[in-house]
Amino acid sequence: MVFARSRHAAPAVAGVALLATQLFGVAEAAYYSIETREDILESSRTLAYDMMLFYDGNQTGMTPGILPGPPTEFKGDYYWWEGGAMMGTYIDYWHLTGDASYNHVIMEGMLHQTGDNNDYQPFNHTASLGNDDQGFWGMSAMLAAENRFPNPPEDRPQWLALAQAVWNTQNDPNRHDDFCNGGLRWQIPFSNNGYNYKNTIANAIFFNMGARLARYTDNSTYAEVAERTWDWLWGVEYIDHETWEVYDGGHVEHNCTDINTLTFSYNAGVLAQGAAHMYNYTGGEQKWADRLDNLVESIFNTFFPNDIAFEADCETAQGHCSPDMLSFKGYVHRWLAQVTQLAPYTAERIRPVLRTSAEAAVNQCTGGATGRVCGFYWSGGVFVDPAVDATSGAGEAMDVLAAVSSLLIDWAPAPATAANGGISRGDANAGINGWDGRPPERAPITTGDRAGAAILTILVLGGTLWTFVWMTYFD
Ligand SMILES: *[C@@H]1O[C@H](CO)[C@@H](O)[C@H](O)[C@H]1NC(C)=O
Ligand SMILES: *[C@@H]1O[C@H](CO)[C@@H](O)[C@H](O)[C@H]1NC(C)=O
Ligand SMILES: *[C@@H]1O[C@H](CO)[C@@H](O)[C@H](O)[C@H]1NC(C)=O
Ligand SMILES: *[C@@H]1O[C@H](CO)[C@@H](O)[C@H](O)[C@H]1NC(C)=O
Ligand SMILES: *[C@@H]1O[C@H](CO)[C@@H](O)[C@H](O)[C@H]1NC(C)=O
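All figures in this text were calculated on a predicted structure; none of them were measured in a lab. (Residues numbered from 1 in each chain as written. Chains lettered and ligands numbered in written order. Predicted model: local features only at pLDDT ≥ 70, side-chain atom pairs only at ≥ 80, totals over all residues. Heavy atoms only, no water.)

Chemist: Hey, could you go over the state of the cysteines for me, with residue numbers and the actual values?
Modeler: This structure, assessed with the given rule, holds 3 disulfides. Linked covalently through their sulfurs, Cys 180 and Cys 256 form a disulfide whose S-S length is 2.1 Å. Measuring the twist about the S-S bond at about 75 degrees, one finds the Cys 180-Cys 256 disulfide to be right-handed. A residue pair is termed long-range when its members are at least 10 positions apart, and Cys 180 in the loop between α6 (159-171) and β1 (197-199) and Cys 256 in the loop between β2 (249-251) and α9 (265-281) qualify at 76 residues. The exposure class of Cys 180 is buried, given its relative accessible area of 3%. A relative accessible area of 1% means that Cys 256 is categorised as buried. With its sulfur 2.1 Å from that of its partner, Cys 365 forms a disulfide with Cys 374. Disulfide Cys 365 to Cys 374: torsion about the S-S bond roughly 110 degrees, handedness right-handed. Judged on exposure class, the residue Cys 365 and its partner Cys 374 are both buried. (Disulfide = S-S within 2.5 Å. Helix = DSSP H or I, 4+ residues; strand = E, 2+ residues; numbered from the N terminus. Buried < 20%, exposed > 50% of the residue type's maximum accessible area, 1.4 Å probe, protein only.)

And the structure:
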């Protein structure tokens, strides 16, 4: 979801804000403590409460499952996928803390957004439906099965079946073609901008879900497809063969060799979590341990300077991260925490980094009227109002909630499998013969959509500022 929709916000205002913070910002007394397990529980509870204030999906007349948005309809800062990511954050929150206060909200949201075919392709969100967007909801359904989240009512689709439905639609031959030797495209409907982009996140999530389904169901088909997907990502060199940095993607008209080398933490993070599932599923194969170790080191090198989460390619200046990007730190914390359960030998390496990072996260939560609102700039040590990034702060709040609650991982059960504690009913054929990605009937395109689409096209095709300039003046 990220690349084309990145918003290169006017840095001038943000720069002034940054300067002001640096000149006058004084670290306030920390509101949150994460010293003891009790402190972490208490802090998580408050962070979860505050994060929920951004969600209006359970209010009368509002749509369950989504954060205010999408921006293309001027309804708020957040695209559809981020609601799915939020659902996952609270599925983990419950798993880690035992606090079921929000389970009803999550159950309702997860079930409202399944779409008519119960495969997380709701008609309303066709215009922003990437394989990655669908995949984020799929990963939350998978997580619900792994965490033994309460099952939906009998007459509703079940968590494992929903995850299988997402995987089945993405495994459909219609979604794979020979451009670039295979791989999924970013967008699902071919009329969407970005259909010509084969990116890492779409394929990495498909890999991730295959690995997790293999481990949960012990069905080797998922593992075989996951490994093929890994091999493809390696083959097109979206994973750097030297540094293990994970790049964003490339275009079919260039055989995917025009690699956009921007790195985002969630690309590497979702691969690391998938590799850990493969490691665990294969009973500890060295090959997967090596891949996992290399990814973890690359994540720490690029995204955790001084052991504090840092969204490297946009955080270097305030106002440059899009609302999407502002939420990645939290996923990476949650995924790496799960890695320590699946590949226990990594815990010694990962645990202290997540702890240092979480401390930095809470130390800057000193803003707003409550004195505990969180910003995004963890390494700075002072609260920076999310307004500098032109957001309301939901991603920023979700990141800190995830970082803090994930510190409870050692007390939480490892992800279940069907043979070991799982309670979710699957359906290997879910989603098959559903919507195949051909364009559905769509509402007439509005002028606003067209303008947005033009900008997206430029960003997608551009890839660099120079191309952007070139296209603006010579197109
Ligand atoms: C929405 O959920 C929150 C959190 O559980 C709760 O406090 C609030 O009362 C709910 N609102 C409605 C209208 O149900
Ligand atoms: C689709 O949009 C309509 C109108 O806003 C809303 O009532 C409905 O709940 C939405 N469906 C989903 C799955 O979001
Ligand atoms: C496209 O790239 C792949 C490697 O990803 C290579 O095997 C293939 O030969 C290339 N195809 C063309 C037409 O250059
Ligand atoms: C797989 O995960 C389980 C659950 O955490 C763990 O007990 C087991 O040791 C892991 N397997 C390997 C090979 O590390
Ligand atoms: C394993 O998964 C594949 C892919 O979904 C499916 O076709 C097959 O029926 C499954 N096998 C079993 C034994 O469930």
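Structure shown, so let's carry the discussion forward.
Chemist: Kindly report on the site of ligand 3, identifying the contributing residues and their values.
Modeler: For ligand 3, the full set of nearby residues is Asn 181, Val 236 and Asn 255. Within the side chain of Asn 181, one N or O atom sits 3.3 Å away from an oxygen atom of ligand 3. Within the side chain of Asn 255, a nitrogen or oxygen atom sits 2.4 Å from an oxygen atom of ligand 3. (Near = heavy atom within 4 Å. Polar contact = N/O pair within 3.5 Å; in protein donor to acceptor, adjacent residues only side chain to side chain.)

Chemist: Account for the packing of aromatic side chains, with residues named and values stated.
Modeler: Within the structure shown, the criterion is met by 30 aromatic pairs. Across the ring face of Trp 288, the terminal group of Arg 291 is positioned such that the distance to the ring centre comes to 4.5 Å. Looking at Lys 329, its charged tip hangs above the ring of Phe 376, at a distance of 3.8 Å from the centre. (Phe/Tyr/Trp six-rings, centres within 6.5 Å; stacked < 30°, edge-to-face > 60°. Lys NZ or Arg CZ within 6 Å of the ring centre and 35° of its normal.)

Chemist: Which residues make up helix α8 (residues 220-235), and what values go with them?
Modeler: Taking 1.5 Å per residue, 16 residues should reach 22 Å; α8 reaches 22 Å between its end C-alpha atoms and fits that length. All buried positions along α8 are accounted for by Tyr 222, Ala 223, Val 225, Ala 226, Thr 229, Trp 230, Trp 232 and Leu 233. The secondary structure elements touched by the buried residues of α8 are α6, β1, α7 (200-217), α9 and α10 (286-303). Where α8 begins, the side chain of Asn 219 points an oxygen toward the backbone nitrogen of Thr 221, at a separation of 2.9 Å. Count one or two residues on from α8 and you reach Glu 237, which has phi positive near 65 degrees. (Expected span 1.5 Å × (residues − 1). Contact = heavy atoms within 4.5 Å.)

Chemist: Break down empty space enclosed by the protein for me, with residues and values.
Modeler: Rolling a probe over the atoms, with the probe sized like a water molecule, indicates the empty space that remains. Scanning the model with the defined rule gives 4 cavities of 30 Å³ or more in all. Roughly 190 Å³ of volume is contained in the largest cavity. Along the walls of the largest cavity sit 21 residues, with Asp 92, Leu 143, Gln 273, Arg 334 and Trp 335 positioned nearest its centre. Elements represented by at least two residues in the lining of the largest cavity include exactly α3 (80-97), α5 (131-146) and α12 (328-342). The greatest single-element share of the lining of the largest cavity, amounting to 6 residues, is contributed by α3. Residues belonging to the lining of the largest cavity are distributed by class as follows: 9 nonpolar, 9 polar and 3 charged. (1 Å grid on protein atoms, 1.4 Å probe; cavity = no way out; pocket = protein on both sides within 12 Å on 5 of 7 lines; lining within 4 Å. Points joined across faces, edges and corners; volume = space filled by probe spheres on them. Nonpolar A, V, L, I, M, F, W, Y, C, P; charged D, E, K, R; others polar.)

Chemist: Tell me what's going on with the environment of Gly 367, and back it up with residues and numbers.
Modeler: Tracing the sequence through the fold places Gly 367 in the loop between α13 (347-363) and α14 (394-405). On a C-alpha basis, the gap between Gly 367 and Val 382 in space is 8.9 Å, while along the polypeptide they are 15 residues apart. When sequence neighbours within four positions are dropped, the list of residues in contact with Gly 367 reads Arg 372, Val 373 and Phe 383.

Chemist: Any details on the site of ligand 1? Residues and values, ideally.
Modeler: Taken together, Asn 58, Ser 101, Tyr 102, His 104 and Val 105 make up the full set of residues near ligand 1. Coverage of ligand 1 by the protein amounts to 45% of the 360 Å² it exposes when considered alone. Tallied by class, the residues present in the shell around ligand 1 amount to 2 nonpolar, 3 polar and no charged. (Areas by Shrake-Rupley, 256 points an atom, 1.4 Å probe, with all protein chains shown as cover.)

Chemist: A description of the packing of α8 against α10 should follow, citing residues and the corresponding values.
Modeler: At their nearest, the axes of α8 and α10 sit 14 Å apart, and the two run at 50 degrees to each other. With respect to their mutual orientation, α8 and α10 come out oblique. In this structure, α8 meets α10 at a crossing whose hand is left-handed. Every residue of α10 that contacts α8 at Glu 227, Trp 230 and Asp 231 is listed here: Lys 287, Trp 288, Arg 291 and Leu 295. (Axes fitted to C-alpha atoms, helices over the stretch in contact; angles between N-to-C directions. Parallel < 35°, antiparallel > 145°, perpendicular 65-115°, else oblique. Left-handed = near helix turned anticlockwise from the far one by under 90°.)

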